[in-house]
Amino acid sequence: MKFDKPAGENPIDRLKVVGQPRDRIDGALKTTGTAHYAYEWHDIAPNAAYGYVVGSAIAKGEIAAIDTQAAKNAPGVLTVITASSAGELGKGERNAATLLGGPKIEHYHQAVALVVAETFEQARAAAALVQVTWRREKGSYSLADEKPAVSQPPEDTPDKNTGDFDAAFSAAAVKLDAIYTTPDQSHMAMEPHASMAAWEGDKVTLWTSNQMVAWCRTDLAETLKIPEENVRVIAPYIGGGFGGKLFLRSDALLAALAARAIKRPVKVMLSRPTIPNNTTHRPATIQHIRIGTDTAGKITAIAHDSWSGNLPGGTPETAVQQTELLYAGANRHTGLRLAKLDLPEGNAMRAPGEAPGLMALEIAIDELAEKAGIDPVEFRILNDTQVDPADPSRPFSRRQLIECLRTGADAFGWKARNATPGQVRDGRWLVGMGMAAGFRNNLLEKSAARVHLDAAGNVTVETDMTDIGTGSYTIIAQTAAEMLGVPLEKVTVNLGDSSFPVSAGSGGQWGANTSTSGVYAACVKLRETIATRLGFDPDQAQFSDGKITSDTRSADITEAAANGTLTAEDGIEFGDLDKQYQQSTFAGHFIEVGVDSATGEVRVRRMLAVCAAGRILNPKTARSQVIGAMTMGLGAALMEELAVDTRLGYFVNHDMAAYEVPVHADIPEQKVIFLDDTDPISSPMKAKGVGELGLCGVGAAIANAVYNATGVRVRDYPVTLDKLLSGLPDAV
């Protein structure tokens, strides 16, 4: 199905099943421990051996020698895989780093060997016996040190300029010119990276924790240098990803190599301390923001430059993209700069680009509003735009930022805020309110599905879409139930298998909207088949309560499948509506904090997110996504930071004991309001993504609340107490 014109009225609009707050249909499996994750397919691939990864002890250089004999002689050891024993390997296009290093070393904890044994404990013990002689080279590990040398944008991301920023900024009545920084961050998903592989002849099956089944299949085939049709990837349940499992990683490759070597299934799981250095992370940024307004507070000039680092072949953190679209202003500049660093690979983490970009931009907007003497909410409303600021002929498909801000301000009690910092106390606590706009682009990816109807009226949906804890099973089932007019209980959803039609996968906030659109397309085709079989006009027939109806005639849809199961397969392919219209999602985030007047400890007291993201397919699962994102935003604002050893080139706090993430005690009352909205330009579902929008802007709203509470402006994340202590008001 080609989606190249705005959606009209369609069966989804009935909202009998779609749009309703239904429980997750996979919830019972997950809460009873019967959902099979990557490491747990014991019944299908029995007698699995265990692999343990040996990681590089240097960040840059090469292996001078590697001695695996002692490990091979250890009890239970079956083999040791190294780059020299693995044979010639290719490299998937989505990896900057090489997944099995040697002799060249590109980053700390790069996998250099896999010890395979009968038990996990034997493999781990033998891994300690692998002797490696390293030849260390000097590396670059500090973004701040490398920033001055980076003057040109990356080849594929040129600067964007509209009007004459320099002249307009020079003439502005009110100006802000400031630097903001965000640190390296780790995904820290609950389920570690894990895979199990088994070969049958020249074909391999990989059970893995991966968000994008088709990408994983393609890159594994390319790395192993085998035909793609010889690779099957299975990932029906994933215990969190946040972008860290978008791509093929070393656990998957090494499991496949080891299973081929010993001719039996092999499991590989990355230990928690290995993950931050071995896989990917959100790279640190240094962001320079300059904004000028006229005397009335309207933006006349806005510029945002961002520096980040990566391995050779890696991409920059696109932290300026929201600044291109969020506020009006005739004279504009954005630019990205990429430094070569020898740290582990930087890549996508939940809401890449906008999450760290808004952490800077939305503090800057607050600072400018204060300079202009305008309330922060009103300043943002004053500078709203209904068109792409760089191309006024291109309107937003739907833009409800003002309504998000107005609704949030009323619901949160913003009028009660004291605009003068450091004035409100509750015992020893300094209390403040802050807010920020949220923004995330609506990305579209083609997506396909296969749908079956059997004689008992059961509907089965098959697609390689994944569920990373987001509720994909449920919204896909709701879509099929709505389209075919059957109860939700009659729908079975099978996900995460590369033998199914290729979906959009879980990433970029596109998963829900595009995967359900793919199911919509397949169901349209199945409706046509059912109607034709039963002598109905497909364009006039209605499907409801297990029946097909047209005028006064009706029939059970099961009659169409009486002689055998009916199957239809189709997908959604998007035209150029995204070029004609800017498609984005919007939010207003409101925060109340308390800051201990003696210690500088920050406690978030209240959180509110008001979201405009098209049709909400399931308010219950969508709310879960948003409050989870809000929690991540709290972590980014107050505690999350990978500490870099700039002498040796690695992340020091590489486990959950030292890398702090929010826990239950950190999370206050969280409220989510979804604006009633549909966007027919986005998809036939009239939906847009929402899971990453809930994160975008939260960090800045917290930082702005801390400023309101204390009068201390922190521009370097995370906002820790050491950055507040010297500026706190005197105790009363």
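Conventions and cut-offs
- Residues numbered from 1 in each chain as written.
- Predicted model: local features only at pLDDT ≥ 70, side-chain atom pairs only at ≥ 80, totals over all residues.
- Heavy atoms only, no water.
- Helix = DSSP H or I, 4+ residues; strand = E, 2+ residues; numbered from the N terminus.
- Buried < 20%, exposed > 50% of the residue type's maximum accessible area, 1.4 Å probe, protein only.
- Contact = heavy atoms within 4.5 Å.
- Pairing = 2+ DSSP bridges.
- Axes fitted to C-alpha atoms, helices over the stretch in contact; angles between N-to-C directions.
- Parallel < 35°, antiparallel > 145°, perpendicular 65-115°, else oblique.
- Left-handed = near helix turned anticlockwise from the far one by under 90°.
- Nonpolar A, V, L, I, M, F, W, Y, C, P; charged D, E, K, R; others polar.
- Polar contact = N/O pair within 3.5 Å; in protein donor to acceptor, adjacent residues only side chain to side chain.
- UniProt positions renumbered as here; feature names shortened; annotations may be inferred.
- Salt bridge = Lys/Arg side-chain N within 4 Å of Asp/Glu carboxyl O.
- Core = buried A, V, L, I, M, F, W, Y, C linked by side-chain atoms within 4.5 Å.
- Phe/Tyr/Trp six-rings, centres within 6.5 Å; stacked < 30°, edge-to-face > 60°.
- Expected span 1.5 Å × (residues − 1).
- Arc of directions from axis to C-beta.

Per an unreviewed UniProt entry, the chain goes by the name Aldehyde oxidoreductase molybdenum-binding subunit PaoC and belongs to Leclercia adecarboxylata.

This brings us to the overall build of the chain. What the chain contains, in helices and strands, is 16 helices and 32 strands. Taken over the C-alpha atoms alone, the chain extends approximately 80 × 75 × 50 Å along its principal axes. Taken across its 732 residues, the chain has 62% of its residues classed as buried. Considering only contacts within the chain whose residues lie at least 6 apart along the sequence, 81% involve residues at least 24 apart.

Spatial strand order, β19-β20-β28-β29-β32: five strands in an open sheet with mixed pairing. The open sheet has two edge strands, β19 (425–426) and β32 (669–674), and neither has a second partner. Across the sheet, helix α16 (residues 698–710) touches β20 (429–441), β28 (584–596) and β29 (602–612), and the angle it forms with β20 is around 155°.

Take the environment of Val53 next. Topologically, Val53 is positioned in strand β2 (residues 49–55). For the pair Val53 and Gly373, spaced 320 residues apart in the sequence, the C-alpha separation amounts to 57 Å. With residues near it in sequence (within four places) discarded, Val53 still touches Ala111, Ala113, Leu114, Leu254, Val268 and Leu270.

Looking now at the packing of helix α12 (residues 472–484) against helix α13 (residues 511–533). Packing of α12 against α13 leaves a shortest axis separation of 9 Å and a crossing angle of 30°. If you check the angle between α12 and α13, you find them roughly parallel. You can see that α12 and α13 cross each other, and the crossing is right-handed. Facing α12, whose interface residues are Ile475, Ile476, Thr479, Ala480, Met483 and Leu484, α13 presents Ala512, Ser515, Thr516, Val519, Tyr520, Cys523, Val524, Leu526, Arg527 and Ile530. For the contact of α12 with α13, the residue count by class is 12 nonpolar, three polar and one charged.

To continue, consider the side chain of Thr631. Here Thr631 is to be found in helix α15 (residues 619–638). Of note is the side chain of Thr631, whose polar atom sits 3.3 Å from the side chain of Gln670. Sequence-distant contacts of Thr631, that is, excluding residues within four places in its chain, are made with Pro662, Ile667 and Gln670.

This next bit is on the UniProt feature "domain: Aldehyde oxidase/xanthine dehydrogenase a/b hammerhead" (unreviewed entry) in the chain. The sites that UniProt annotates as "domain: Aldehyde oxidase/xanthine dehydrogenase a/b hammerhead" (unreviewed entry) are residues 32–138. Spanning residues 32–138, this segment combines 11% helix with 33% strand, and its end C-alpha atoms are found 50 Å apart.

Across all of its chains, the model carries 39 salt bridges by this definition. Note that Arg715 and Glu367 form a salt bridge whose closest N and O atoms lie 2.6 Å from each other. Taken together, the residues span a long stretch of sequence, with Arg715 in the segment after α16 and Glu367 in helix α9 (residues 354–372) at a distance of 348 residues. Judged by its relative accessible area of 31%, Arg715 is partly exposed.

If you look at the biggest cluster of nonpolar residues, it comprises 87 residues, and the most contacted ones within it are Val593 and Ile702. Ignoring any residue separated from it by four or fewer positions in sequence, one finds Val593 in contact with Leu430, Val431, Gly432, Val602, Arg603, Val604, Arg605, Ile702, Ala705, Val706 and Ala709. Counting residues in each nonpolar core, the second largest holds 46 residues, with Met465, Ala481, Leu495 and Leu566 among its members.

This next bit is on the packing of aromatic side chains. Summed over all chains, the structure comprises 12 aromatic pairs. When the ring of Tyr39 is compared with that of Tyr50, the centres are 6.3 Å apart and the planes differ by 65°; the resulting orientation is edge-to-face. In this pair, Tyr39 sits in the loop between α1 (27–31) and β2 while Tyr50 sits in strand β2, placing the two residues 11 residues apart along the sequence. A centroid spacing of 5.8 Å and a plane angle of 5° characterise the contact between Trp215 and Phe247, whose relative ring orientation is stacked. Placement of the pair is Trp215 in helix α6 (residues 213–224) and Phe247 in the loop between β12 (231–234) and α7 (250–262), with a sequence separation of 32 residues. A residue is classified by how much of its surface remains accessible, and Phe247, at 10% relative accessible area, is buried. Taken together through their ring pairs, the aromatic side chains of Tyr37, Tyr237 and Tyr473 make up a single cluster.

Of all seven residues in strand β10 (residues 194–200), six are buried; the element is thus mostly enclosed. For β10 and strand β13 (residues 266–269), the ladder comprises four bridges, and the chain directions are antiparallel. In the sheet register, Ala197 faces β13, and the bridge partner there is Val266. Counted along the chain from β10 to the antiparallel partner strand β11 (residues 203–208), the turn is two residues long, and its residue Gly201 has a positive phi close to 65°.

Between its terminal C-alpha atoms helix α11 (residues 401–412) stretches 16 Å, which fits the 16 Å expected from 12 residues at 1.5 Å a residue. Where α11 is concerned, the buried positions are Leu401, Cys404, Leu405, Gly408, Ala409 and Phe412. For α11, the angular spread of the buried residues around the axis is 120°, confining them to a single face. Buried residues belonging to α11 abut α10 (376–382), β20, β28 and β29. Immediately beyond the C-terminal end of α11, within one or two residues, lies Gly413, with a positive phi of roughly 80°.

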